[in-house]
Every structure is written in C-alpha cells, then in structure tokens.
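Structural overview for review
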Amino acid sequence: MNFETFNFHPPVAAGVAAAGYITPTSIQARAIPQVLRRRDVMGLAQTGTGKTAAFVLPILNRLMGNKKGCIRALVMAPTRELAEQIHQAVKTLGCKTRLKSTSVYGGVGINPQIQNLKRADIVVACPGRLLDHIGRRTVDLSQLDVLVIDEADQMFDMGFLPDIRRILTHLPRNRQTLLFSATMPAEIRRLAGDILRDPVTVQMGATAPADTVSHALYPVAPHLKTALLLKLLGNTRTESVLVFTRTKHRAKSLGKNLSLAGYRSTSLQGNLSQGRRQAAMDGFRDGTFQILVATDIAARGIDVTRVSHVINYDIPSTPEAYIHRIGRTGRATRSGEAFTLITGEDREMVLAINRIIGSQVEQRTLSNFDYSSPVRIPDDCPQWQRKPHHQFYALKKGRNKKTSRLNDHIPAKRP
Ligand code: AMP
C-alpha cells in the first residue's frame, strides 16, 4: 500500500512527500480512510505508531476543499511539548496547503496567540490555555468541523477531563470527533461513550508495545543505580538515550550527574520554565544532548526519531506507563532497546510488565560490574576518568540531607 491509495489533494500528497513518508504505517492505513469518510474514530494507539499523521493528513485534505478564514479543526493535547510537536507535524505535512496552524498552551505570552488565533484554520491546544482564550472570547470555535483529543488517557492522568468536558460545551455538536488513547481506563471509555457518534475503533495490537523494541531488566541495589547506568552507557552503542526517573528532583539530579560524568545530557521536568523545557527538547532533538533525563509527564509524546535506548532508571508506576515510556524508542521503522533497572521493591511491577508484554522480560547482569560494592563507581568507566576530580568534590560538597540518598553513588574517595 502507498499514500496514493488515499487520493489526497495534490498539496496534501506533496506534504507527505516533504515529510519523506513512502508507506503508510498500520494505523494510517486503517484510520485515514475512516477519517476521510467523516466517521468518528476511537484510536487505540501509542505514540511511535504514526498516529499524528493518521489524523493530520485526512484533516488537511478535508480543510482544503472548504471555506477558509476560521478555525475548523481543534487538536487537544495534554502537554505543551506534544502540542508543539503536533503543530510542527501539521506545518510539515501541510507545507503546500496554505492552511494555517497555531499552537496554544500556557507558560508563554498570550498576545501572540490571540493574533495567531484570528488567522488559524487548525489549532493545537492544551486544555488550560484554551479555556483561558474561551473565557476571554479570543477564540471562535463556532465553525469547528473536526475535534481530535490526543493521548486521552494522559489527559485523564493529569486531571484535564473536567476541562475537556467544559471545552466540549463550546463546540458545535455537528462535528467529527477523533479520540486517541494508548490505554482505555474506565473514564476514557465513558468519555468516548459520551462524545463519539457511532465510532469506528482502530486498535493497534491491544496495548502491546511496538515490536521494534527489545526489552531487558537489570536487577541492582538502589544505591548502585547510577553506577550501573554509567556502566551500561559505557558498554552499549547508543544514539540518543532517554532516561526516566520517578520524580522531578531525581531527573534534575541524575541529568547533572551524567553531565559531570562526561555525557552531553540534560533533564526535562515540570519545574523548568517553558523556555528551558524547549531548549532541552530542541537540544535533544538536534543531538546537542545525547541523553535526556525526564519524568513521565515531561516526556509524554516526545518524538525524537534517533532514540535508540529508553532506560528506566526508576521502574514506572504502572504497566501502561511502561508502554508509554518505551514508545519513545523503536519509532516508525527503527528498532530500539528498553532497559529497566529494578530493585527488590519492584517485583510486583515486573510481573505486571511481563503480563502486558505477554512474555517474561529477560533479566541481565553485567559481568564487569561490582554488584557488591558499597557505593563505588566502577573504576574502568571511561567517562568518569575523563572528568577532573574536583567536580566530584564540588558536587559532593553541595549535597544536603534531602538529596544525599540520590547522590549515594558519588564516591567518598576518588575512584
Ligand atoms: P507519531 O506516532 O505520530 O508520534 O509518529 C512517530 C514517528 O514516525 C514520527 O517521527 C513521524 O514523523 C514518523 N512517521 C509517521 N508516519 C510515517 C510513515 N508513514 N513513514 C515513515 N515515518 C513515519
């Protein structure tokens, strides 16, 4: 199958070519014809499957043939990063269409958004700021034709469902609605029941992760996690690496420690200003940073095609979060690896992950790693040797009671 099957208007077909897509992904092959037929769609798909283009392309195609000068498509996304990413995808795929897309989210000035909203055909928005615009009457959604709710389960996790329902009261009833979610908690099922009319369900392999990803678990004592991570990084040929931690604080601290160990790394977590979040994302995307350490929420929907490895420094709190995290590697046709560091406390979650993957994930140990070490960094780690020693001491001096557990890997003496 190729994209000609969809018979897109020439400017939309030109956008497909500009993006370099040759063959539709499975979700595109299944969802695009339904969206073109104006059916409501319930898309069960994780990121990395090509779902953005699965809704963007048929929407662009539809808007090409319609009246201009008002907002006809609204895409709702849970995070600013995802909203920006979808907006960029619309810009790329729609580069020959003259349709205008704009993004709307908090943390940046509202006035430029007000101007852009006056000219937009497609709006990609996070719920909070969109409600703000609705309250100020700076957005007119009365001519809306298509609504997309992307990553609905994440919207729910982040407490956005009441906002979504409020926004829905401002939209025309006679519209097409597309709802995408990687998992189907009861609340999303209910939302789908309330807002979709006779929907077609397009499901991508239940909730199983992309089969382009291979998985491995690395048992380790909590205080040796950073040492093991460094060893793993030293032993493995990687392109871009995304590392997940449980908390913002751990993301920040680990990002710093990886930089001290000589890696080009940064962190992405909710405490950063929008400018710094963007800089971290841009730097990771363009390769300035090889490693991005992030929390689940901050990393949601990150689309960096060269992510060769996702490393769970902390195991995720649900099997669904595992699926989301590893959805960042093995994207489209590339393959990737997902490593998870596990401690004695993670036994239950390991069982749950095995269940959702449908097989026992391989447990690995590193032959050249000292698992009995009290706190030491491995001596032969080349990245550490490259760094001047005073940096370790500077970091050690700065540690306080609250962070000392996290920094336990910092050697008391020079390695
Ligand atoms: P998504 O799941 O929408 O986040 O897309 C994942 C990645 O796959 C993005 O980098 C897209 O640009 C890429 N992609 C989407 N559709 C295709 C396609 N048909 N061929 C090749 N790459 C694609």
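Scroll up a little and you will see the structure.
What counts, and where the lines are drawn
- Note on numbering: residues in each chain are counted from 1, in written sequence order.
- A pLDDT threshold of at least 70 governs which residues receive local features in this predicted model, and a stricter bar of 80 or more applies before side-chain atom pairs are shown or counted, although totals over entire chains, interfaces and linings include all residues.
- Calculated side-chain values reflect all of the structure's heavy atoms, with hydrogen atoms and water omitted.
- Counting from the N terminus, the helices are the DSSP runs of H or I reaching at least four residues and the strands are the DSSP runs of E reaching at least two.
- Note on exposure labels: buried denotes an accessible area under 20% of the residue type's maximum, exposed denotes more than 50%, and partly exposed covers the range between, all computed with a 1.4 Å probe on protein chains only.
- Any two residues having at least one pair of non-hydrogen atoms within 4.5 Å are treated as being in contact.
- All accessible-area figures derive from a Shrake-Rupley calculation using a 1.4 Å probe, and residue coverage is judged against the displayed protein chains alone.
- Without a salt bridge and with relative accessible area above 30%, a residue can belong to a patch; like charges are then joined within 9 Å and nonpolar side chains (Val, Leu, Ile, Met, Phe, Trp, Tyr) within 5 Å.
- Salt bridges are counted wherever a side-chain nitrogen of Lys or Arg sits within 4 Å of a carboxyl oxygen of Asp or Glu.
- Neither His nor the chain termini are counted; the positive set is Lys and Arg, and the negative set is Asp and Glu.
- By convention, the charge on Lys lies at NZ, on Arg at CZ, on Asp at CG and on Glu at CD.
- The span expected for a helix works out to 1.5 Å for each residue beyond the first.
- What is meant by a nonpolar core is a set of buried Ala, Val, Leu, Ile, Met, Phe, Trp, Tyr and Cys residues, joined one to another through side-chain atoms within 4.5 Å.
- Helix axes use the C-alpha atoms of the stretch in contact, all axes being lines fitted to C-alpha atoms, and the angles between their N-to-C directions lie in the range 0 to 180 degrees.
- Any angle from 65 to 115 degrees is called roughly perpendicular, while one under 35 is roughly parallel, one over 145 is roughly antiparallel, and all others are oblique.
- Left-handed describes a crossing in which the near helix is turned anticlockwise from the far one by less than a right angle; the clockwise case is right-handed.
- Under the grouping applied here, Gly and all other residues not named as nonpolar or charged are polar, the nonpolar ones being Ala, Val, Leu, Ile, Met, Phe, Trp, Tyr, Cys and Pro and the charged ones Asp, Glu, Lys and Arg.
- Here a polar contact is taken to be a pair of N or O atoms separated by no more than 3.5 Å, where protein atoms must pair a possible hydrogen donor with a possible acceptor and residues adjacent in sequence count only if both atoms sit in side chains.
- At least two bridges found by DSSP between two strands is the condition for calling them paired.

**A few points about the overall build of the chain**
Assigned secondary structure in the chain consists of 18 helices and 13 strands. Per-residue burial over the chain gives 56% buried out of 415 residues. Once local pairs closer than 6 in sequence are excluded, the contacts in the chain between residues at least 24 apart make up 76%. Total accessible area on the chain is roughly 18300 Å²; 49% of this is exposed by carbon and sulfur atoms.

**Section: a positive patch on the surface**
Taken together, the side chains of Lys68, Arg98, Lys100, Lys118 and Arg119 present a region of like positive charge at the surface. Mapped onto the elements of the fold, Lys68 is located in the loop between α3 (51-64) and β2 (73-76). The exposure class of Lys68 is exposed, given its relative accessible area of 53%.

**Looking at helix α11 (residues 248-260)**
In this model, α11 (13 residues) spans 19 Å end to end at C-alpha, consistent with the 18 Å of a helix rising 1.5 Å per residue. Regarding α11, the residues found buried are Arg250, Ala251, Ser253, Leu254, Gly255, Asn257, Leu258 and Leu260. Phi turns positive, to about 100°, at Gly262, one or two residues after α11.

**Observations concerning the nonpolar core**
Core analysis: the largest hydrophobic core is formed by 39 residues, its most contacted members being Phe55, Leu57 and Leu178. With nine residues, the single largest contributor to this core is α3. Each residue touching Leu57, except ones within four places of it in the same chain, is listed here: Phe3, Phe8, Val12, Val16, Ile32 and Leu93.

**Focus on the packing of helix α4 (residues 80-93) against helix α12 (residues 274-285)**
Across the interface, α4 lies against α12 with an axial gap of 11 Å and an inter-helix angle of 55°. Classified by the angle their axes make, α4 and α12 are oblique. The element α4 and its partner α12 pack so that their crossing is right-handed. Touching Arg80, Glu81, Glu84 and Gln85 of α4 are Gln274, Arg277, Gln278, Met281 and Arg285, all from α12. Considering only residue class, the contact of α4 with α12 consists of one nonpolar, three polar and five charged.

**A look at the side chain of Lys225**
Mapped onto the elements, Lys225 comes out in helix α10 (residues 225-235). Separated by 2.8 Å, the side chains of Lys225 and Asp314 make a polar contact. Apart from the residues lying within four places of it in its own chain, the contact partners of Lys225 are Val220, Arg250, Tyr313, Asp314, Leu341 and Thr343.

**Here's the deal with the sheet that holds strand β4 (residues 122-125)**
Ordered in space as β3-β4-β2-β5-β6-β1-β7, the seven strands form an open sheet in which the pairing is parallel. Both edges of this open sheet fall to β3 (101-104) and β7 (200-203), since each of them pairs with a single strand only. Each adjacent strand pair in this sheet contributes to an overall mean axis angle of 15°, direction not counted. In terms of strand pairing, β3 meets β4 through four bridges, oriented parallel. Looking at β4, one finds that Val104 is bridged to Ala125. Each of β1 (41-44), β6 (176-181) and β7 is contacted by helix α2 (residues 26-36), which is oriented at about 165° to β7, the strand it contacts most. Sheet strands in contact with helix α6 (residues 127-136) are β2, β3 and β4, and its direction is about 100° off that of β3.

**Quick look at unusual backbone geometry**
Backbone geometry places Arg38, a non-glycine residue, at a positive phi of 70°. Summarising the element assignment, Arg38 is placed in the loop between α2 and β1. Not every positive phi belongs to a glycine, and Arg137 is a case in point at roughly 60°. Relative to the helices and strands, Arg137 resides in the loop between α6 and β5 (146-149). Here Arg137 falls in the exposed class, since its relative accessible area comes to 76%.

**Some thoughts on the pairing of β1**
Two faces belong to every sheet, and in a regular strand the side chains alternate between them. Neither face of β1 is open: one carries Val41 and Gly43, the other Met42 and Leu44, and all of them are buried. In terms of strand pairing, β1 meets β6 through four bridges, oriented parallel. Bridging from a neighbouring strand, Leu44 pairs with Ser181 of β6. Relative to β7, β1 runs parallel, the two sharing four bridges. Its bridge partner being in β7, Val41 is matched across the sheet by Val200.

**Some words on α4**
When the terminal C-alpha atoms of α4 are compared, their 20 Å separation across 14 residues agrees well with the 20 Å that a helix rising 1.5 Å per residue should span. The element α4 is extensively covered by neighbouring structure, given that 10 of its 14 residues are classed as buried. Taken together, the buried positions of α4 are Glu81, Leu82, Ala83, Glu84, Gln85, Ile86, His87, Ala89, Val90 and Leu93.

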